[in-house]
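Okay, here's what each chain looks like letter by letter:
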Amino acid sequence: MLAKINNFEIDLSKPIDISIPLTNTDENPIAWYIEKPSIEPVVFGDWIGKVSEGKSSTNFNNIFFNPHGHGTHTECLGHITNDFYSINQSLKQFFFTAKLITIEPEKIDEDFVITKSQIVSLITEKTEALIIRTLPNQLEKKSRKYSNTNPPYLAEEAAIFIRKSEIQHLLIDLPSVDKEHDEGKLLAHKAFWNVKDTVNLNAEARLNATITEMIYVSDEIEDGNYILNLQIASFENDASPSKPILYKI
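All values derive from a computational prediction rather than experimental measurement.

### A few points about the nonpolar core
- Formed by 30 residues in total, the largest nonpolar core has its most connected members in I119, I132 and L154.
- Counting only elements with at least two residues in this core, the list comes to β9 (95-103), β11 (111-114), β12 (129-134), β13 (153-154), α3 (156-164), β14 (169-172) and α4 (187-193).
- Core analysis: the next-biggest nonpolar cluster, separate from the first, contains 19 residues, I16, L171, I215 and L230 among them.

As structure tokens, this is what we get:
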């Protein structure tokens, strides 16, 4: 099934899913010191909301999870502001031109960092979304336990460059664009969203820009230009679990 998006023709029958599914198993990735998600049937006395238990005609589960720590999620600047901003209100369009790039973070002291110099040469044309795949690109990213491992992150100068390149949507295969233990500075988040003051939000802050973290881009997917369909659940929250889908142009 062919469709034309932003004057580009794509085949909707060939989606490329770069999200990580959420499960209640030990295979689920985890960040930020929390436990794995819980997906459990509702119980009312002797009644259990699970068909296989023989006491219900339907499967009727409660799900407890954290969008930031349990898998692919998309967030707005409400993630770091004093006032409430919702991803459901910030993201109102869902198809974008996108560029996929692959970078091996540089070792700087004890950290691995995605630097501005690495990105500059790879963004040579205007695009609405930037997708960063980091090396090494092990399949283990889909189940990694990130807490207290000091994962790679994005340098503040790189985030500023991405913002100045007018990229509205940043996607990355790490648990955060910022360093795990950074004393709450959140330099890359603030730089990308252009947030100068988290309490009294400055007028130049980018209310409609989003960051998507904990994606997984398999090696079979080539660097280059795509159309991105950025799908979220309609949570009135700073972040939502999301399902970014790429289409070849």
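Read on, since the account is not over.
### Here we look at the packing of aromatic side chains
- Scanning the model with the defined rule gives four aromatic pairs in all.
- Between F44 and W47, the ring centres sit 5.9 Å apart and the planes meet at 20°, which makes this aromatic pair stacked.
- Judged by its relative accessible area of 55%, F44 is exposed.
- Residue classification places W47 among the partly exposed residues on the basis of a relative accessible area of 28%.
- A centroid spacing of 6.2 Å and a plane angle of 70° characterise the contact between F65 and F235, whose relative ring orientation is edge-to-face.

### Brief notes about the pairing of strand β16 (residues 224-232)
- Judged by how many residues are buried, β16 sits mostly within the fold: seven of nine residues are covered.
- Across six bridges, the pairing between β9 and β16 is antiparallel. Looking across to β16, one finds that A98 is bridged to Y226.
- With seven bridges connecting them, β16 and strand β17 (residues 239-248) associate as antiparallel partners. The partner of Y226 across the bridge, within β17, is K248.

### Things to note about the side chain of K141
- By the secondary structure assignment, K141 is in the loop between β12 and β13.
- The buried category is assigned to K141, whose relative accessible area is 3%.
- Among the polar contacts listed, one links the side chain of K141 to the side chain of N137, at a separation of 2.8 Å.
- In this structure the side chain of K141 is engaged in a polar contact, spanning 2.5 Å, whose partner is the side chain of D173.
- Filtering out sequence-adjacent residues up to four positions away, K141 remains in contact with I20, P29, T134, P136, Y146, D173 and Y216.

### So, α3
- When α3 is considered as a whole, its buried residues turn out to be A158, A159, F161, I162 and R163.
- Buried residues in α3 make contact with β11, α2 (116-120), β12, β13, β14 and α4.
- One or two positions beyond α3, positive phi appears at E166, with a value near 65°.

### Some thoughts on the environment of R163
- The topology assignment puts R163 in helix α3.
- Discounting residues that sit within four places of it in the chain, R163 has contacts with A191, F192, N194 and R206.

### Considering unusual backbone geometry
- Cis geometry marks the peptide bond from L135 to P136, where omega comes out at 0°.
- Take P136: it is sitting in the loop between β12 and β13.
- The backbone phi angle of E166 is positive, close to 65°, even though this residue is not glycine.
- Relative to the assigned elements, E166 resides in the loop between α3 and β14.
- Since its relative accessible area comes to 48%, E166 is described here as partly exposed.
- Unlike most non-glycine residues, E183 shows phi in positive territory, near 60°.
- Tracing the sequence through the fold places E183 in the loop between β14 and α4.

Rules used in this analysis
Residues numbered from 1 in each chain as written. Predicted model: local features only at pLDDT ≥ 70, side-chain atom pairs only at ≥ 80, totals over all residues. Heavy atoms only, no water. Core = buried A, V, L, I, M, F, W, Y, C linked by side-chain atoms within 4.5 Å. Buried < 20%, exposed > 50% of the residue type's maximum accessible area, 1.4 Å probe, protein only. Helix = DSSP H or I, 4+ residues; strand = E, 2+ residues; numbered from the N terminus. Phe/Tyr/Trp six-rings, centres within 6.5 Å; stacked < 30°, edge-to-face > 60°. Pairing = 2+ DSSP bridges. Polar contact = N/O pair within 3.5 Å; in protein donor to acceptor, adjacent residues only side chain to side chain. Contact = heavy atoms within 4.5 Å.

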